[in-house]
Every structure is written in structure tokens, then in C-alpha cells.
2 protein chains.
Amino acid sequence: MLHDDGLELLSEADCHDLLAKHAVGRVAVTVGGLPAVFPVNYVVVDGAIVFKTGEGTKLSAALRHAVVAFQVDEIDRLYHEGWSVLAVGTAEVVTDPDDLDPEQLPLAPWAGGTRDHLVRIRPELISGRRIVRHVDAVTPV
Amino acid sequence: MLHDDGLELLSEADCHDLLAKHAVGRVAVTVGGLPAVFPVNYVVVDGAIVFKTGEGTKLSAALRHAVVAFQVDEIDRLYHEGWSVLAVGTAEVVTDPDDLDPEQLPLAPWAGGTRDHLVRIRPELISGRRIVRHVDAVTPV
């Protein structure tokens, strides 16, 4: 088992599994030269992360052919356990319904507004860590 | 009430309140030219985000005087409701215990390993959005 400063490193296969099972992630982009992070609901299609965004949004603009980070995690704040997976890849806006059809994806928009642009990120790098409860972690300080 | 493509915009005061009440966030940095996102447990001290990291980690290196994004959210996957707050500011590593004393902060390291470097981010920009349940969101597609 590989470790990274107390964190257990996950295999690539485990990272892909966790990514595929989750439904909400965060995309990190650069907007106007500044870093920004937005939560999105997503699905995995053929190994790629797919989510909807509105046309003309800051997020949509930032995502065009940019290298972005996509992160998912599940963290138990009570028991201080969990995992985090980070995927990095180029984002592309998919407009061809023969390639990806928004109507065929289980991606209901959570908020109102118009979010009919599909964004796809094919992970080129994927890594993950599991936070294993540390015995001293619950000691009050 | 201001809206952003179906999302309700939060006031700066609400953003600071939500940031102060939460305990786990995600820091977005650039590592080796690529974007990366790491979850951390944190506290707010005098309006600044403070968390621990290990010396010599990728995260620690990336944080030195970098402009970073820090994001917290709480999202109900069942009811498709929640909020997200994004703070942007310059990260600094604090080594002077008279400035910030790691022993005095309620920041127990969750994982093993050595995390005795304090990082502080003073938000220069803060923004937030609330996801309000959209009637059509639960329609199966």
C-alpha cells in the first residue's frame, strides 16, 4: 500500500470506480486570471466526465479547451475518514447530439436557468487518496 | 434577490458566515502547471481561512504566495439543494507562533503524517450561490 504523508494512495482503477459512482463533483478553472471552483452534478460516459452548463456563463467560457481539474470526494466529518479523487484533462463543449445527446443522459439540471451545453472532460491524469482515521485525530486540542 | 442563471447569489456576509461554520473545504492550486484540488479541514481565524499542511508537500510548495481558490459547499444529492462559497486570496505559510500558534487552533490532523505548517488565506474576493430546488429537476430523463 503506497502512502503519501499519512494518506493512502488509491490505484487508478479505484479512482475511476469512485468517479463513476459519484454524482456531484467540483470543477476548477481559471476565470479572468483567477482560480475558481464550481460544484456540478455529472455522469461518467465512456470514462469521461460529462456535465451541463449554461451557454455564456463564466464557467462555459473558461472550459473551452482549457486544462481543468475535476475533483470528487466523500468526507465523514465525524469520523475524519474519506477519500478524494482528482482528474485532470482538457474540457470540451459537445454540441453534436450524435456524439453526446443531452436528452439521453441522466443529467437533470438541479437549478433553474438554461443549462443545455454539455461539457466533457476526458481524464488524462487521475489520482486519489484515502484519508484513514488517525488515532490522535480525535484528541481535543 | 439576485440570481445567476437559476442560482441565488449569496451576500458577502452570508458567504463569510457559511465559511466560518464549515469545517472541510477544498483548495485549488496549480501544481507543475496543472490545476489541482485538495480537500482540507480548516478553521476561520479573524476572517482568514487557516489549515495545516506538511512541509515539503506539493500542496505546501504550491501555496507559497500563490493566489488560490478555496471552496466550501454543502449539497443535498437527494433534494438537489445546497450552497457553494468560493473565496480567492493569496496563500501564506505562517511560521511565527506569535502570529498563529498551531497548538492553539482546533485543527487536529485527520490523517497521519506530519502536518505542522499553517497556511492562511485571507479572502480578497468571496462569492456564493445557493442552489434552489428546480421543479423539473426530479423529472426522470
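Remember, predicted model here, so these are calculated numbers, not experimental data.

**Let's talk about the confidence of the model for chain A**
Residues and elements named next belong to chain A.
Part 1: Taken over all residues, the pLDDT of chain A has a mean of 83, while the share at 70 or more is 82%.
Part 2: Model confidence for chain A, summarised as mean pLDDT per element, is weakest for strand β1 (residues 3–4) at 64 and strongest for helix α1 (residues 12–21) at 97.
Part 3: Confidence drops under a pLDDT of 50 for residues 136–141, and excluding neighbours within four residues, the segment shows nine contacts in the predicted structure.

**Details of the packing of aromatic side chains**
Residue and element names in this part refer to chain A.
Part 1: Overall, the coordinates contain four aromatic pairs over all chains when judged by the stated rule.
Part 2: Consider the rings of F51 and F70, whose centres lie 6.3 Å apart with planes at 20 degrees: the pair is stacked. On the criterion of sequence distance, the pair formed by F51 in strand β5 (residues 48–53) and F70 in strand β6 (residues 67–76) is long-range, its members being 19 residues apart. Grouping residues by exposure puts F51 and F70 together as buried.
Part 3: An aromatic cluster is present here, built from Y42, F51 and F70 joined pairwise through their rings.

**Remarks on the pattern of salt bridges**
Residues and elements named next belong to chain A.
Part 1: Inspection of every chain in the model, using the stated rule, returns ten salt bridges over all chains.
Part 2: Between D73 and R26 there is a salt bridge, and its shortest N-O distance comes to 3.8 Å. Of this pair, D73 sits in strand β6 while R26 sits in strand β3 (residues 24–31), and the two are 47 residues apart along the sequence. Across the pair, R26 and D73 agree in class, each one buried.

**Details of the side chain of B:D73**
Part 1: A relative accessible area of 7% places B:D73 in the buried class.
Part 2: A distance of 2.9 Å separates the side chain of B:D73 from the side chain of B:Q71, its partner in a polar contact.
Part 3: In this structure, B:D73 is in contact with A:R26, A:P39, B:H22, B:R26, B:W83 and B:S84, ignoring residues within four places of it in sequence.

Reading the values: the criteria
- Residues numbered from 1 in each chain as written.
- Chains lettered and ligands numbered in written order.
- Predicted model: local features only at pLDDT ≥ 70, side-chain atom pairs only at ≥ 80, totals over all residues.
- Heavy atoms only, no water.
- pLDDT = per-residue confidence, 0-100.
- Helix = DSSP H or I, 4+ residues; strand = E, 2+ residues; numbered from the N terminus.
- Contact = heavy atoms within 4.5 Å.
- Phe/Tyr/Trp six-rings, centres within 6.5 Å; stacked < 30°, edge-to-face > 60°.
- Buried < 20%, exposed > 50% of the residue type's maximum accessible area, 1.4 Å probe, protein only.
- Salt bridge = Lys/Arg side-chain N within 4 Å of Asp/Glu carboxyl O.
- Polar contact = N/O pair within 3.5 Å; in protein donor to acceptor, adjacent residues only side chain to side chain.

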